[in-house]
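Chain by chain, the residues run as shown.
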Amino acid sequence: MTPTLSGRLQSRIVLLGTVGIVWTLLIGLVVPRPEGADTSGVYKALFTALLIVAVVGIVWELIYHALQQYRWEKDWPTIFGLVVAVPEGILAWTLLENGVPWDVGPVQASTFLTMFTTLWILIWAIANGPLQIVFLRWRYRGGRFIGGWG
Amino acid sequence: MAITQGDISQQLVDTSVWSDQDLANHGIPVFDVPFVSVGGGIGSFSMVDTLRIAGVTVDQIRVVSDLERPSQTYEYLASNSQIRTDHRLRSDSSSVIDCIWGWPGYALREAWGKKTPGVAMQVLLEPVAADYYTPKAGQVYESLNREAARISWTQMVAQGVVRHVRRRDRGDYFVLFTPPAGSASTKRMAFRTRFVHMAVGYPGVRFLDDLQQYRQQHNDYQRVVNAYEPHDHVYAEMRRRPCTVLVRGAGIVASRVLQRLIDDRDQHGAQTTIVHVFRNYPAGPQGDKATFRRPASKGWAYQGFNFPKAAWGGQIRDHLESLEGDARRDFIDAIGGTNTAPRKDWREQLDRGEAEGFYLQCRGQVQSVVPTPDTRQVRTVVGGSNDIPPTQYDTDFIIDATGLEGNIEEHRVVMDLLHHVGAGKNVKGRLDVERDFHVRGTDNGEGRIYASGSMTLGGYYAGVDSFLGLQYAALRIHDNLVGAGFGRRIGPGRSMSQWWKWARNTAI
């Protein structure tokens, strides 16, 4: 992929706001949960995690964009899109566990990991091809949905 | 002045704007069609593919072409430069010429079709832990032909060679062409059309001046050859007897020629010695900023494709769109110029050749190319630079792999556009187009002329001469045409439904 900064931000927000919400709703039905935990508690934790990935992701994208400047091709190789899940996941889990932005009660690591890993891979796979079927101009626009055309 | 019925006259050629009556007076049959693409190669194909997917019907499009299939010229040039159907092109997996969506890419399709998961792994790891995946030429041609059949390509082709594109006095244009001899009752025919798309490809291969001079002066077209012209006799001779060959150029064509030469040593016992002349010799990375530095070593500048990837759809594309004049030319030169793909097998071959002494590099300007006194070989004198004295090399063959292109004015129809229709040249001497590939200065009433491909290099988009660049141009032109009331914009709904038809190979 060859994202622009605006394209990075737009793609993250749009994909998390669509695929992310739908997937979180679905995965919430099957993730491991503490005995006796109610569904609303699980969803509160999962959607908070989703919010963290979206909001903190803005800072991550700024960092990635800065790193991209040191690449001659000004590209972001496919594998990078997977590897960065590790630091992002660790930070998101740390924040969630420490009650940032709010306390979501006890969350099992496996609950978070199941949701985060599956969602990440799903969005990564969609962004690496199928998204272009819907948004034909997206790849030429450096990942933007608005701007960069015309 | 005498007028031959069915043909053009000098008077008409000299007249910039034609009327319906002019053509009637000459007895030239005129056919109405809203869109005409001139060329018939891959540039025309990608344009027409996009339009057909956008819902434009077969009867609204004509492609004037003397080719049997869209990939014909490409196949010819690739084959001459030693890329046969089972060799890999220098093209990205997602630059899928038969699929405007780019997905699934060539790598996934090859992995699936040939049951080779390693290919999918390569595209996952490229370029960090693996060389860029590139598709095999044969796969590209085969899938392109499949798509051509799906969109009824042959029904839109009008066989012939375009001679002139001229303004019509009451708006729109005439595209005058010569049909194949014996196929029509008149020598010339014409389309009256609102939109013209020019996709005539390379103006022609150009030789290095000193080599051209040598060939003409000594009538020697066997020992001094261009990589883009048929030259298999060179390799055949080198397999028969030990030879020395001098290669000029340091781009992708030179890389492939060197690979062929060394493959013949490795696989067929050839005893070829290679002298490789570099005019410019980057010994280390190019660029004085950490954020703008191209990898280079041992004379080669390396990047995956002919421009950095983001030139096709990222921040480099954005930046180039914002530049004008000399700044644009300089930036295109900085991100393009002579470069090749960093492939591990190529590097291994050259390192081995250097170590074993059958691959020699030399650098500097070529001073002269003459036959040796016994006329058995060709003598090249490479001038000294930076305290290196001039050196002479006597070789059996010289292969010009510099890939120089001719002047656009060498193309008759393009020259016509420049001299009679109001088109101009851009900062690199090619056809001056807008960001949406609309040719500046050529509008006529509601009529518009567009151009894509090699002839537009120097405009606001760098990768024009590539599969993805042709598809990008086609999409931009399509959007502009929609603004002019021709076709329906391919939005998300149409895009998805058409992709599904493409995936099922449903004819449209």
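Residues numbered from 1 in each chain as written. Chains lettered and ligands numbered in written order. Predicted model: local features only at pLDDT ≥ 70, side-chain atom pairs only at ≥ 80, totals over all residues. Heavy atoms only, no water.

Visitor: Would you mind showing me how to read the overall build of chain B here?
Guide: What chain B contains, in helices and strands, is 18 helices and 22 strands. Evaluated residue by residue, chain B yields a buried proportion of 57% over its 508 residues. Taking as baseline every contact in chain B between residues at least 6 positions apart, the subset at least 24 positions apart corresponds to 67%. Accessible area of chain B: about 20,700 Å², with a carbon and sulfur share of 49%. Put simply, chain B has 60 plus and 57 minus side-chain charges, and the middle of one group is 3 Å from the middle of the other. (Helix = DSSP H or I, 4+ residues; strand = E, 2+ residues; numbered from the N terminus. Buried < 20%, exposed > 50% of the residue type's maximum accessible area, 1.4 Å probe, protein only. Contact = heavy atoms within 4.5 Å. Areas by Shrake-Rupley, 256 points an atom, 1.4 Å probe, with all protein chains shown as cover. Lys, Arg positive; Asp, Glu negative; His and termini not counted. Charge placed at Lys NZ, Arg CZ, Asp CG, Glu CD.)

Visitor: In this structure, what is going on with the pairing of strand β7 (residues 173-178) of chain B? I would like to understand it.
Guide: Walk down a regular strand and you will see the side chains alternate between the two sheet faces. Residues and elements named next belong to chain B. Judged by how many residues are buried, β7 sits mostly within the fold: six of six residues are covered. Of the two faces of β7, the one carrying Tyr173, Val175 and Phe177 and the one carrying Phe174, Leu176 and Thr178 are both buried. Sheet analysis places strand β6 (residues 161-168) next to β7, joined by six bridges and oriented antiparallel. By the bridge assignment, Val161 is partnered in β7 with Thr178. (Pairing = 2+ DSSP bridges.)

Visitor: Got a minute to help me understand the nonpolar core in this structure?
Guide: One recurring pattern in soluble globular proteins: nonpolar side chains tend to sit buried together. Core analysis: the largest hydrophobic core is formed by 100 residues, its most contacted members being Trp101, Val165, Met198, Leu431, Ile449 and Leu481 of chain B. Of all the elements, helix α17 (residues 467-483) of chain B adds the most residues to this core, at nine residues. Met198 of chain B has contacts with Val38, Val165, Val413, Leu417, Ile449, Tyr450, Ala451, Ser452 and Met455 of chain B, leaving out every residue within four places of it along the chain. Ranked by size, the runner-up nonpolar core spans 37 residues in total, among them Leu15, Val19, Trp76 and Ala92 of chain A. (Core = buried A, V, L, I, M, F, W, Y, C linked by side-chain atoms within 4.5 Å.)

Visitor: I'm lost on the interface of chain A and chain B in this one. Help?
Guide: By a widespread convention, an interface's size corresponds to the accessible area lost as its parts come together. Residue-level contacts link 35 residues of chain A with 48 residues of chain B. Taken together, both faces of the contact between chain A and chain B bury some 3,400 Å²; the carbon and sulfur share is 59%. Per-residue buried area on chain A facing chain B is highest for Trp72, Ile133 and Tyr140 of chain A; these three make up 27% of the total on that side. Across the contact surface, chain A and chain B share two salt bridges. Notably, a salt bridge pairs Asp479 of chain B with Arg137 of chain A, separated by 2.8 Å at the nearest N-O pair. If you look at where chain A meets chain B, you find 19 residue pairs in polar contact (both at pLDDT 80 or more). Those elements that provide at least two residues to the side of chain A that touches chain B are α2 (39-68), α3 (78-83) and α6 (130-134) of chain A. (Buried area = accessible area lost by both parts, 1.4 Å probe. Salt bridge = Lys/Arg side-chain N within 4 Å of Asp/Glu carboxyl O. Polar contact = N/O pair within 3.5 Å; in protein donor to acceptor, adjacent residues only side chain to side chain.)

Visitor: When you look at the environment of Ile42 of chain B in this model, what are you seeing that I'm missing?
Guide: All names here are of chain B. Topologically, Ile42 is positioned in helix α3 (residues 42-53). In the structure, Ile42 is positioned 429 residues away from Gln471 in sequence and 9.7 Å away in space, judged by C-alpha atoms. Filtering out sequence-adjacent residues up to four positions away, Ile42 remains in contact with Pro70, Ser71, Tyr74, Ile97, Leu144, Phe467 and Leu470.

Visitor: Is there a simple way to think about unusual backbone geometry in this case?
Guide: Apart from glycine, the bulk of residues carry a negative phi angle, and the bulk of peptide bonds sit in the trans form. A cis geometry characterises the amide bond from Val100 of chain A onward to Pro101 of chain A, with omega recorded as 5°. Looking at the secondary structure, you find Pro101 of chain A in the loop between α4 (85-97) and α5 (109-127). Phi at Thr375 of chain B takes a positive value of approximately 60°, unusual for a residue other than glycine. Residue position: Thr375 of chain B is located in the loop between β18 (366-371) and β19 (378-382). Notably, Asn505 of chain B is not glycine yet its phi reads approximately 55°, a positive angle. Following the sequence through the fold, Asn505 of chain B ends up in the segment after α18 (492-503).

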